[in-house]
Number of protein chains: 2
Amino acid sequence: MFLNRLENVYKIMEQEGLSQTIVSDKNALFYLYGKWFNVGERMIALLLRIDETPILVLNDLFSFEDKDTKIVYFNDKESGPDKLLPYIIHHKALGIDKFFPSRFLISLMNLHAASAFKTCMAIDYARFVKDMDEQKLMIESSHINDLCMEDFKCALRIGMSEKEMQEECYKIYKKHGIDRVSFTPIVAFKATAADPHHEPDDKTILEAGDMVLFDVGGVYKDYCSDMTRVFFTAEPTAFQREIYNLVRRANEEAIKHIKPGVALKDIDKIARDIIDSAGYGEYFNHRLGHFIGIEDHDFGDVSLSSDIIAKPGMIFSIEPGIYIKDKIGVRIEDLVMVTKTGVKVLNEYPKDIQVLDLK
Amino acid sequence: MFLNRLENVYKIMEQEGLSQTIVSDKNALFYLYGKWFNVGERMIALLLRIDETPILVLNDLFSFEDKDTKIVYFNDKESGPDKLLPYIIHHKALGIDKFFPSRFLISLMNLHAASAFKTCMAIDYARFVKDMDEQKLMIESSHINDLCMEDFKCALRIGMSEKEMQEECYKIYKKHGIDRVSFTPIVAFKATAADPHHEPDDKTILEAGDMVLFDVGGVYKDYCSDMTRVFFTAEPTAFQREIYNLVRRANEEAIKHIKPGVALKDIDKIARDIIDSAGYGEYFNHRLGHFIGIEDHDFGDVSLSSDIIAKPGMIFSIEPGIYIKDKIGVRIEDLVMVTKTGVKVLNEYPKDIQVLDLK
């Protein structure tokens, strides 16, 4: 168990007035143990008590040892909640992480396990700030994503379908040692890019003059990358250039203002104001960014309704976009890390207009 | 919405004494709508009320129409549970499906949304019995899995690693039009097969004399297949033959006794007794089978602790095995469907001992 991470979680629990909490989300458990528990439909519950050794209640099919944890096993004929019960302080509130399955929670409620049940976001808050080990992995993960993006660009051929290019993406990741993607790679050749979650298809074929959008990320040693770039296959029209440069300016200006103490909602506003004042505000219809790490969407975002204040070690995406249906879709996305004095951009892949000469 | 499926769910809710229930699991929603809702961290809740049109509370990013459903949208600034509240009958118990995220459930509890909260398995029980459309898809899915198994066998080469063979499996599925697997294909060349969940690796190389185990399944039109076969690369030893034939007999005898009205725990016992009485009982350390359909593990199993009685339309696996560490691992698995008069085996791939002459 990473005891420094656990200490952070305890601190946040105390701030939230909780002395005990259940952690069951496998990403949260990975954060604490550096190990994936894949228990399927079976219960897994780590009980964190500020006054006690952590207690992990686990099905005996998944044997596990950790010197900092007391392990309590149940078998398939026993009930997980029953086994957990003796370790919960009944006269106090019990925190519950956000994804504990309802059937186990309802069992604990029926057992009157605690005086109250409260959603506990302590681990999610702890994960906002990446420690040094995590920072290193995130930097390397984005570095590899940069290298892959260059290969994606070089693999483009007139006449190929989005789906074919998507399959190339998987091969290229593999070539760079990446077996698992952060999310299904998005490849969009035409105005299909106006759907931010476009699913590449067989029938959209790359033609000379198309713009090409890649929104892609790989998982390096369990840490996710995520980047979006747009390429041109012919000299851009004045309109394409206007939209592209506008999105790029929104991306770069937002990034420029990131430093410790800044409210993330203000960073969203900087990007949004730039696109708004050029008259395209209605076409930027999503938040500016999201946190990322063990999951491609860690909890927390960069949006007008975000209450998060930038702290050193936070890593999130900055991804303004303009989406005009049947016409154009442009998004430019980097991962950034808040440093002690400002910001480090994890993606070094260029954002200049690139016009490709494709065969 | 499939109204016949909904009717079944209502019937089971009434048997359980529930007049209202929340469905949020995406597999359950697919079962009712034939559509995948991928809403990520956002709330989705279908409120089924016996006296009312179903109400689907959904984030407005995921617009959806269905003539049999009232849709209620919330946006990212609003609370899903708040939007759901007016439609719940507060003085009655509320059923909750098994995976509704705890944070939404806790919100509903804090809003005193209902007189009690109960785990509701109505959709899981409804899904026990496949309707005609589902049966057809399951039969076709297993038929394709049979064809793939033959191709897997033919792709084996002395000197290849388990990992290489696993990659061949993906290619072969693709060739047969299967883009998505039910689960990561298991390929085991040696005593690695003694781990029922073995993860194929780079260092286990196929040598003449090895036994080869494939536990594989593909997803055809959203319905899963799942089958295990073992091949020999040299004439089996007496011991290998004994273990193989024993597992095969357990598989075939269990299947032979399946018909409507039979308790699934008795089917488990038939297979287990055969292996037990040959002296290998301790090496068959898992349940005999599991239900399957939209998920590779649908709710419900064939085990000594199962209370399920066979009904026409039920589909589950029959997969006895013997696992002796560092020595041997054999499992033989078919999917079977209970019919009006007996049982139909969905896998027609042969179970005779096959000795391959590999290069």
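Residues numbered from 1 in each chain as written. Chains lettered and ligands numbered in written order. Predicted model: local features only at pLDDT ≥ 70, side-chain atom pairs only at ≥ 80, totals over all residues. Heavy atoms only, no water.

(A) Molecular detail of the UniProt feature "domain: Creatinase N-terminal" (unreviewed entry) in chain A. On the UniProt side, "domain: Creatinase N-terminal" (unreviewed entry) is annotated at positions that read residues 5-116 of chain A here. Structurally, residues 5-116 of chain A comprises 29% helix and 21% strand, and the distance from its first C-alpha atom to its last is 26 Å. (UniProt positions renumbered as here; feature names shortened; annotations may be inferred. Helix = DSSP H or I, 4+ residues; strand = E, 2+ residues; numbered from the N terminus.)

(B) Geometry of the interface of chain B and chain A. Contacts between chain B and chain A engage 19 residues on the former and 19 residues on the latter. Around 1,800 Å² of area is buried between chain B and chain A when both sides are counted, 59% of it from carbon and sulfur atoms. Across the contact surface, chain B and chain A share two salt bridges. For B:Lys174, the salt bridge is made with A:Glu167, and the minimal N-O distance between the two is 3.5 Å. Remark: the boundary between chain B and chain A carries eight residue pairs in polar contact (both at pLDDT 80 or more). (Contact = heavy atoms within 4.5 Å. Buried area = accessible area lost by both parts, 1.4 Å probe. Salt bridge = Lys/Arg side-chain N within 4 Å of Asp/Glu carboxyl O. Polar contact = N/O pair within 3.5 Å; in protein donor to acceptor, adjacent residues only side chain to side chain.)

(C) How the structure looks around the packing of aromatic side chains. Considering all chains together, one arrives at 32 aromatic pairs over all chains under this definition. Ring geometry for A:Phe128 against A:Phe299: centres 6.0 Å apart, planes inclined by 10°, an arrangement best described as stacked. Of this pair, A:Phe128 sits in helix H5 (residues 122-128) while A:Phe299 sits in the loop between strand S13 (289-290) and strand S14 (301-302), and the two are 171 residues apart along the sequence. Among the residues examined, A:Phe299 registers a relative accessible area of 32% and is labelled partly exposed. Put simply, the rings of A:Tyr125, A:Phe128, A:Phe291, A:Phe299 and A:Phe316 touch in pairs and so form one group of aromatic residues. Across from the ring centre of B:Phe284, 4.1 Å away, lies the NZ or CZ of B:Arg272, which sits over that ring. Taking the ring centre of B:Phe239 as reference, the NZ or CZ of B:Lys327 above it sits at 5.1 Å. (Phe/Tyr/Trp six-rings, centres within 6.5 Å; stacked < 30°, edge-to-face > 60°. Buried < 20%, exposed > 50% of the residue type's maximum accessible area, 1.4 Å probe, protein only. Lys NZ or Arg CZ within 6 Å of the ring centre and 35° of its normal.)

(D) The state of the cysteines, seen in detail. Under the definition given, this model contains zero disulfides over all chains. With no disulfide partner, A:Cys224 has as its closest neighbouring cysteine sulfur the one in A:Cys148, 14 Å distant. Of all cysteine sulfurs, the one in B:Cys148 lies closest to B:Cys169, which takes part in no disulfide; the gap is 8.9 Å. (Disulfide = S-S within 2.5 Å.)

(E) Representation of the packing of helix H6 (residues 132-155) of chain A against helix H7 (residues 162-175) of chain A in the model. Residues and elements named next belong to chain A. Following both chains from N to C, one finds H6 and H7 inclined at 140°, their axes separated by 10 Å at the closest point. By the angle between their axes, H6 is oblique relative to H7. With respect to the hand of their crossing, H6 and H7 are arranged in right-handed fashion. Every residue of H7 that contacts H6 at Asn145, Cys148, Asp151, Phe152 and Ala155 is listed here: Met165, Glu168, Cys169, Ile172, Tyr173 and Lys175. (Axes fitted to C-alpha atoms, helices over the stretch in contact; angles between N-to-C directions. Parallel < 35°, antiparallel > 145°, perpendicular 65-115°, else oblique. Left-handed = near helix turned anticlockwise from the far one by under 90°.)

(F) Examining unusual backbone geometry more closely. All names here are of chain B. For His112, which is not a glycine, the phi torsion comes out positive at approximately 50°. Mapped onto the fold, His112 is located in the loop between helix H4 (102-110) and strand S6 (116-119). Despite not being glycine, Asp222 has its phi angle at roughly 75°, a positive value. You can call Asp222 partly exposed: its relative accessible area is 23%.

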